[in-house]
Amino acid sequence: MSEDVRLVAWVRGHVQGVGFRWFTRAKALEIGGLSGFALNLADGRVQVVAEGARGGCEGLLDWLQGDDTPGRVDGVTEIWDTPRGGYDGFAMR
């Protein structure tokens, strides 16, 4: 049985105005079993919060760090925690 986790990631680069949050949500839905959100921050980064099975969250993080994202990702900082719940699906904020 897979452990449920909480991933919080901050994505730096040219990630606003390029559909990044939409594609992040689509990827989370494709992976399945993840809840959370993607949010544009005032400093130009995108914050991604995902909760679910560790494997699903790791898959989303791999995608965030990969070459298949829209725009240009210069780096991703992540922290792992225990799930807090309270999310209804995966949203763009």
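Looking at an unreviewed UniProt entry, one finds the protein chain named acylphosphatase, with Streptomyces doudnae as its source organism. The UniProt entry for the protein chain carries this comment under Catalytic activity (unreviewed entry): "an acyl phosphate + H2O = a carboxylate + phosphate + H(+)". UniProt's Sequence similarities (unreviewed entry) comment on the protein chain is quoted here verbatim: "Belongs to the acylphosphatase family."

**Overview of the pattern of salt bridges**
Between side chains of opposite charge, a pair can form when the charged atoms approach closely. Within the structure shown, the criterion is met by 7 salt bridges. When the shortest N-O distance is used, the salt bridge between Arg 54 and Glu 58 registers 3.9 Å. With Arg 54 and Glu 58 both in helix α2 (residues 54-65) and 4 residues apart, this pair spans about one turn of that helix. Its relative accessible area of 28% is what places Arg 54 among the partly exposed residues. What emerges from the salt-bridge pattern is a single network uniting Glu 3, Arg 54 and Glu 58.

**Observations concerning the sheet that holds strand β3 (residues 46-53)**
Strand order in the open sheet formed by 5 strands is β4-β1-β3-β2-β5, and the pairing between neighbours is mixed. A strand with exactly one partner marks an edge of an open sheet, and here the two such strands are β4 (72-81) and β5 (90-92). On average, each strand axis in the sheet is tilted by 15° relative to the strand beside it, whichever way the strands run. The pairing of strand β1 (residues 4-14) with β4 spans 9 bridges and is classified as antiparallel. Bridge pairing links Trp 10 to Thr 77 in β4. Across the sheet, helix α1 (residues 20-31) touches β1, β2 (35-40), β3, β4 and β5, and the angle it forms with β5 is around 175°. Along the sheet, α2 makes contact with β1, β3, β4 and β5, crossing β3 at roughly 155°.

Rules of the game
Residues numbered from 1 in each chain as written. Predicted model: local features only at pLDDT ≥ 70, side-chain atom pairs only at ≥ 80, totals over all residues. Heavy atoms only, no water. UniProt positions renumbered as here; feature names shortened; annotations may be inferred. Salt bridge = Lys/Arg side-chain N within 4 Å of Asp/Glu carboxyl O. Helix = DSSP H or I, 4+ residues; strand = E, 2+ residues; numbered from the N terminus. Buried < 20%, exposed > 50% of the residue type's maximum accessible area, 1.4 Å probe, protein only. Pairing = 2+ DSSP bridges. Axes fitted to C-alpha atoms, helices over the stretch in contact; angles between N-to-C directions. Contact = heavy atoms within 4.5 Å.

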